[in-house]
Amino acid sequence: MPFDQSQLRLLPSVDTLLHSPEGQELIARYSHELTVRAIRSSVQQAREAILQGASCPSASELLREAAQTLERSFLPNLRPIINATGVIINTNLGRSPLSATALHAVQAVSSGYSNLEYELEAGKRGSRHTHITRLLCELTGAEAALVTNNNAAAVLLALSALAVGREVLISRGQLVEIGGGFRVPDVMRQSGCHLIEVGTTNRTRIADYAAALTEQTALLLAVHPSNFRITGFTEETPLSELVALAHTHHLPVLHDLGSGCLLESQHYGLAHEPTPQESIAAGADIVCFSGDKLLGGPQAGILVGKSEYISRLAKHPLMRAVRIDKMTLAALEATLHHYRLGEAEQHLPIWRMISASPAELSKRAGQWVDQLRQVGIQAETQAGESTIGGGSLPGETLPTTLVALSEERMPHSLESIARRLRLHTPAVVTRILRNRLLLDPRTVLPEQDHQLIEALTAVLQG
Ligand SMILES: *Cc1c(COP(=O)(O)O)cnc(C)c1O
């Protein structure tokens, strides 16, 4: 389309817009420089549109555009979302939400100074690593403990400190990829130890380990296959047998447990998830796990085990590079206290989600359907399944009641609705299955219910 020269002449100058009352308001709010930049960009966009044949927008349209650009630029890029997917621990969605007490602890130690590395009794330099040692030992039965930035760092540190330049035995069935590029063989190479694979993918016996031992062996590594299951003709060497063999040869066993589940998952209708307590009781010399999977705390790597090995890790130069920060430490300490008090299920969001009763979930789903009906949106409940996710309890599901929106009753395609929900503030993440958009109340925090209904109303009625 040919453009209209007269439309171009109608375009107000940047200066005129800046001097308007709305322009002055933007300057007062965002600074002169940012306002000039935003107004220039909306005028420039309008000019380009006119050259493509559009007509000239009004001054107030241009100013509104600039105001929106400015407002959007100040939204945090990392922001809260509502997880309606029914996947409880999702690495992409930040894994475990923190308990209110943990959040409070973070605020308390980070809004002022703290005794992060200071001994109050003696008035001298202390260690950040001692704050939660006793708690971790009490909860897991270990002699010593150490925390890092995450579990990948914990594995790297342990292998670097105990096996550099020497051989580490691992079953072929445990050479796993956890996701996000964490592959056990790569981490082993990075730590400078030599990987010796034993057994086969589906069966590894203690004799396979025994046959692979040499003068060069530094350590026996067991990795919990936390995100998949092999079934059928399988055999895994029990940890206690591995420990007995290793100790006969004065070698340590490192058990990478992944999830760090301190509770008995069978009480919640799930398969048994191996616990750090069990690994310690079986004699593992070092056990490591994440802080933000089934432990339900902040991102962290936790190492528990024998003092002779843990103290070698604590002194290793890599320790400085993988150390935990004060906010995480505060959140982790508060999280662990919930376990000590036997109140994890009431206070840790992921355990509240895991233990939510079918009746409770069905009631909330029913309430959502009613509230949606009141604003003219047709939805219905249906039986479904929630999953644990995040490299914990693969294949295990929990029965739930979902709220379903059917494609045929909706004003837009389900893909488009899901996208609009993701771009809404707060963002809502859902799943689509067989022409239905599904919302699972299990992973939506109860205090987010009204925000979820508002988001759906805005997206479907807006
Ligand atoms: C999740 C996982 C890791 C990595 O832990 P991060 O805390 O994500 O670094 C390592 N090993 C196993 C077995 C895991 O499940």
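- Where an unreviewed UniProt entry is consulted, the chain appears under the name L-seryl-tRNA(Sec) selenium transferase, with the organism given as Thermosporothrix hazakensis.
- One UniProt comment on the chain, placed under Pathway (unreviewed entry), says "Aminoacyl-tRNA biosynthesis; selenocysteinyl-tRNA(Sec) biosynthesis; selenocysteinyl-tRNA(Sec) from L-seryl-tRNA(Sec) (bacterial route): step 1/1."
- UniProt, in its Sequence similarities (unreviewed entry) section for the chain, records the words "Belongs to the SelA family."

Section: the nonpolar core
Step number 1: Among the nonpolar cores identified, the biggest contains 55 residues, and L220 and W351 are the most heavily contacted of them.
Step number 2: The element best represented in this core is helix α11 (residues 239–248), accounting for five residues.
Step number 3: Counting residues in each nonpolar core, the second largest holds 32 residues, with L146, A218, L221 and V223 among its members.

Examining the sheet that holds strand β14 (residues 397–406)
Step number 1: Ordered in space as β13-β14-β17-β16, the four strands form an open sheet in which the pairing is antiparallel. Strands at the two margins of the open sheet, each flanked by one partner only, are β13 (380–387) and β16 (431–433). If you compare each strand with its neighbour and ignore which way they point, the axes differ by 45° on average.
Step number 2: Examined bridge by bridge, β16 and strand β17 (residues 436–439) share three bridges and lie antiparallel to one another. Of the residues in β17, the one forming a bridge with I432 is L437.
Step number 3: Set on the sheet, helix α19 (residues 414–423) makes contact with β14, β16 and β17; between it and β17 the angle comes to about 30°.

A word on the site of the ligand
Step number 1: In the vicinity of the ligand, 13 residues are found, and the nearest of them are A152, S226, D256, S290 and K293.
Step number 2: For the ligand, an oxygen atom lies 3.0 Å from a polar atom in the backbone of N151.
Step number 3: Within the contact set of the ligand, an oxygen atom lies 2.6 Å away from a side-chain nitrogen or oxygen of S290.

A look at the UniProt feature "modified residue: N6-(pyridoxal phosphate)lysine" (unreviewed entry) in the chain
Step number 1: UniProt records the feature "modified residue: N6-(pyridoxal phosphate)lysine" (unreviewed entry) for K293 in the present numbering.
Step number 2: Among the structural elements, K293 can be located in the loop between β11 (286–290) and β12 (301–305).
Step number 3: Classification of K293 as buried rests on a relative accessible area of 4%.
Step number 4: Aside from chain neighbours lying at most four places away, what touches K293 is I89, R95, S96, I178, G258, S259, I350, G390, G391 and S392.

A short note on the domain arrangement of the chain
Step number 1: Under the domain assignment used here, the chain contains domain 1 (5–73), domain 2 (81–91 + 351–461) and domain 3 (98–343).
Step number 2: On a C-alpha basis, the centres of domain 1 and domain 2 stand 39 Å from each other.

Describing the layout of surface pockets
Step number 1: Approximately 1,000 Å³ is the volume found for the largest pocket.
Step number 2: As for the largest pocket, its lining consists of 35 residues, and the residues nearest its centre are P80, I81, L93, G94 and P97.
Step number 3: Sorting the residues of the lining of the largest pocket by element identifies β1 (81–83), α6 (100–110), α17 (349–355) and α19 as the ones contributing at least two each.
Step number 4: Of the residues contributing to the lining of the largest pocket, the split by class is 16 nonpolar, 13 polar and six charged.
Step number 5: Both of domain 2 (81–91 + 351–461) and domain 3 (98–343) provide at least three residues apiece to the lining of the largest pocket.
Step number 6: Each pocket or cavity is described by its volume, and for the second largest pocket that value is around 660 Å³.
Step number 7: If you go around the second largest pocket, you meet 34 residues; those closest to its centre are Q174, H224, P225, E236 and P274.
Step number 8: Elements with a contribution of two residues or more to the lining of the second largest pocket: β9 (217–223), α11 and α12 (276–281).
Step number 9: Among the residues forming the lining of the second largest pocket, the class breakdown is 14 nonpolar, 14 polar and six charged.
Step number 10: A domain split of the lining of the second largest pocket shows at least three residues from each of domain 2 (81–91 + 351–461) and domain 3 (98–343).

With respect to the sheet that holds β9
Step number 1: Reading across the sheet, the seven strands line up as β4-β12-β11-β10-β9-β5-β8 and stay open at both edges, with mixed pairing between neighbours. Either end of the sheet is taken by a strand with one partner, and the two such strands are β4 (144–148) and β8 (194–198). Pairwise comparison of adjacent strand axes, ignoring direction, gives a mean angle of 25° for this sheet.
Step number 2: Note: strand β5 (residues 167–171) against β8, five bridges, orientation parallel. When the sheet's bridge partners are listed, E167 is paired in β8 with H194.
Step number 3: On top of the sheet, helix α8 (residues 151–163) reaches β4, β5, β9, β10 (253–258), β11 and β12; it is set at about 155° to β11, its chief contact.

A short note on the pattern of salt bridges
Step number 1: For the coordinates displayed, the defined rule picks out 14 salt bridges.
Step number 2: With its nearest N and O atoms 3.9 Å apart, the salt bridge here joins E119 to K124.
Step number 3: Close ionic contact of E197 with R172 constitutes a salt bridge, the shortest N to O distance being 2.9 Å. With E197 in strand β8 and R172 in the loop between β5 and β6 (177–179), the pair connects residues that are 25 residues apart, well separated along the chain.
Step number 4: Here the salt bridges do not stand alone but share partners, grouping E117, R125, R128 and R323 into one network.

Rules used throughout
Residues numbered from 1 in each chain as written. Predicted model: local features only at pLDDT ≥ 70, side-chain atom pairs only at ≥ 80, totals over all residues. Heavy atoms only, no water. UniProt positions renumbered as here; feature names shortened; annotations may be inferred. Core = buried A, V, L, I, M, F, W, Y, C linked by side-chain atoms within 4.5 Å. Buried < 20%, exposed > 50% of the residue type's maximum accessible area, 1.4 Å probe, protein only. Helix = DSSP H or I, 4+ residues; strand = E, 2+ residues; numbered from the N terminus. Pairing = 2+ DSSP bridges. Axes fitted to C-alpha atoms, helices over the stretch in contact; angles between N-to-C directions. Contact = heavy atoms within 4.5 Å. Near = heavy atom within 4 Å. Polar contact = N/O pair within 3.5 Å; in protein donor to acceptor, adjacent residues only side chain to side chain. Domains from an automatic or database assignment. 1 Å grid on protein atoms, 1.4 Å probe; cavity = no way out; pocket = protein on both sides within 12 Å on 5 of 7 lines; lining within 4 Å. Points joined across faces, edges and corners; volume = space filled by probe spheres on them. Nonpolar A, V, L, I, M, F, W, Y, C, P; charged D, E, K, R; others polar. Salt bridge = Lys/Arg side-chain N within 4 Å of Asp/Glu carboxyl O.

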